[in-house]
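Secondary and tertiary structure notes
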Amino acid sequence: MTDIYPSRQMAEPQFLPRLDPVVHSDWSEAAPLSKAQAAQFERDGYLVLEDIFSAQEVAFLQQEAGSLLADPDALDSDTVITEPGGGEIRSIFEIHSQSRVMHRLAADARLADVARFLLNDEVYLHQSRLNYKPGFQGKEFYWHSDFETWHVEDGMPRMRALSMSVLLADNTPHNGPLMLIPGSHRSFLTCVGETPDDHYKMSLKKQEYGVPDEDSLADLAHKHGIVAPTGKPGTVILFDCNLMHGSNGNITPFPRANAFMVYNAMSNQLVAPFGPATPRPSFIAAREAEAIRVRHGDLVAEVMA
């Protein structure tokens, strides 16, 4: 397959044109987003959805996240990632297959139907994880475009994927919230440095390849600015696969947690990686795609039935 987004191949970084749409569907009254919301996602590359889950559903999700964090020995050990230089949990991957609650969340129409509309296709989970940034100990996630890594290391062909972060704790301006560069999704910033084998073992703790250069990041930030959406538990932040994003460390006593779902179009299933010869393991990048069976109704009632 022709590599239309080559990265980590050249001595200097480049801005390449985006060759894929941002919103793949034409808006209609039947869409799960308003026309203004679809236009904002097209323009800025992200969207914030508030009050789409009930208080009972949010509390149920928080309880489940707490249970996962409290008993990591019950999980697949490969999927539990700790902070660099410490034992605090940073991420738990493949939560949709290790938790019935998270599986139901990923299939919820309030998320999956939005993904299907924006991508104009049936969707599957490329990746899921519980992100946790503990008080005082939570380290930063450096600036990056997810697509750059998914393309080079996983073999995702096109920009037809998006992420949804379901906040499970208050995200404030102070406890390391997600930061975004709106509009940065409209071009593809290449990175330098050949990817070493088994890079994921290091990059899940601290990424050193696939990291944008500071001059290009400064250009993007000066051109577009930086935003840090905050919100109460239950808020959903969705963003395009190519949007530049990151987060600061958390030096407050208030932890930050979110359930993170990556939806990919069924027509955009992974091929051989465009960088290293060996793809990352399936708990990071699903290589067997199964279209999500969308679920409607109260999340708690269905799981508890």
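Relevant structure appears above.
Report follows, based on the coordinates. (Residues numbered from 1 in each chain as written. Predicted model: local features only at pLDDT ≥ 70, side-chain atom pairs only at ≥ 80, totals over all residues. Heavy atoms only, no water.)

Glancing now at the nonpolar core. Ranked by internal contacts, the top residues of the largest apolar core, which has 52 residues, are Leu105 and Tyr263. Ranked by the residues each element gives to this core, the list is headed by helix α5 (residues 109-119), at 8 residues. Core analysis: the next-biggest nonpolar cluster, separate from the first, contains 22 residues, Leu16, Tyr124, Ala161 and Ala285 among them. (Core = buried A, V, L, I, M, F, W, Y, C linked by side-chain atoms within 4.5 Å. Buried < 20%, exposed > 50% of the residue type's maximum accessible area, 1.4 Å probe, protein only. Helix = DSSP H or I, 4+ residues; strand = E, 2+ residues; numbered from the N terminus.)

With that settled, consider empty space enclosed by the protein. For the coordinates displayed, the defined rule picks out 1 cavity of 30 Å³ or more. Reported here for the largest cavity is a volume of approximately 40 Å³. Looking at the largest cavity, the residues that line it are Ser145, Ser184, Ser187, Phe188, Leu189, Leu220, Asn242 and Met244. Across the lining of the largest cavity, the residue classes tally to 4 nonpolar, 4 polar and no charged. (1 Å grid on protein atoms, 1.4 Å probe; cavity = no way out; pocket = protein on both sides within 12 Å on 5 of 7 lines; lining within 4 Å. Points joined across faces, edges and corners; volume = space filled by probe spheres on them. Nonpolar A, V, L, I, M, F, W, Y, C, P; charged D, E, K, R; others polar.)

Turning next to the packing of aromatic side chains. Within this structure, the stated rule accounts for 5 aromatic pairs. Ring geometry for phenylalanine 93 and phenylalanine 283: centres 6.1 Å apart, planes at 75 degrees, overall edge-to-face. Here phenylalanine 283 lies in the loop between β12 (256-265) and α9 (299-304) and phenylalanine 93 lies in strand β4 (residues 89-93), a separation of 190 residues in the sequence. With respect to burial, phenylalanine 93 and phenylalanine 283 carry one shared label: buried. Here phenylalanine 147 and phenylalanine 188 contribute two aromatic rings whose centre-to-centre distance is 5.9 Å and whose plane-to-plane angle is 75 degrees, an arrangement assigned as edge-to-face. (Phe/Tyr/Trp six-rings, centres within 6.5 Å; stacked < 30°, edge-to-face > 60°.)

Looking now at the pairing of β4. Within β4, 5 of the 5 residues are buried, which leaves the element mostly enclosed by the surrounding structure. Both strand β3 (residues 80-82) and β4 contribute to a ladder of 3 bridges, which runs antiparallel. Bridging from a neighbouring strand, isoleucine 81 pairs with serine 91 of β4. Connecting β3 to the antiparallel partner β4 that follows it, the hairpin turn spans 6 residues, and glycine 85 within it adopts a positive phi of roughly 80 degrees. Bridge count for β4 against strand β5 (residues 123-133) is 3 bridges, and the pairing is antiparallel. Within the sheet, the bridge partner assigned to serine 91 lies in β5 and is asparagine 131. (Pairing = 2+ DSSP bridges.)

Take the pairing of strand β10 (residues 236-240) next. Across the 5 residues that make up β10, a large majority, 5, are buried. Neither face of β10 is exposed, since Val236, Leu238 and Asp240 on one face and Ile237 and Phe239 on the opposite face are all buried. Direction of pairing for strand β2 (residues 46-49) relative to β10: antiparallel, over a ladder of 4 bridges. Looking across to β10, one finds that valine 48 is bridged to isoleucine 237. Across 5 bridges, strand β7 (residues 161-167) lies against β10 in antiparallel orientation. Following the sheet pairing, valine 166 is matched in β10 by valine 236.

This next bit is on the sheet that holds β3. The sheet built from 7 strands is open, its strands ordered β2-β10-β7-β12-β5-β4-β3 with antiparallel pairing. In this open sheet, the two strands that pair with only one neighbour each are β2 and β3. Mean inter-strand twist for the sheet, computed between neighbouring axes without regard to direction, equals 20 degrees. Bridging between β7 and β12 involves 7 bridges; their strand directions are antiparallel. (Axes fitted to C-alpha atoms, helices over the stretch in contact; angles between N-to-C directions.)

Strand order in the open sheet formed by 3 strands is β6-β11-β8, and the pairing between neighbours is antiparallel. Looking along the sheet, the strands with just one partner apiece sit at the ends: β6 (141-145) and β8 (178-180). When the angles between neighbouring strand axes are averaged without regard to direction, this sheet yields 20 degrees. Relative to strand β11 (residues 244-247), β8 runs antiparallel, the two being bridged by 3 bridges. Looking at β11, one finds that leucine 178 is bridged to serine 247. With respect to the sheet, helix α6 (residues 146-154) is in contact with β6 and β11, its orientation differing from that of β6 by roughly 70 degrees. (Contact = heavy atoms within 4.5 Å.)

Residues lying three or four places apart along an α-helix face the same way, a consequence of the helix completing one turn every 3.6 residues. Buried within helix α8 (residues 214-224) are the following residues: Ser216, Leu217 and Leu220. Along the axis of α8, the buried residues cluster in a sector spanning 100 degrees; they form a single face. In α8, the exposed positions angled more than 90 degrees off the buried face are occupied by Glu214, Asp215 and His222. Buried residues along α8 sit in contact with β1 (15-17), β6, β9 (187-189) and β11. Taken from the residues just after α8, glycine 225 is the one with a positive phi, measuring 80 degrees. (Arc of directions from axis to C-beta.)

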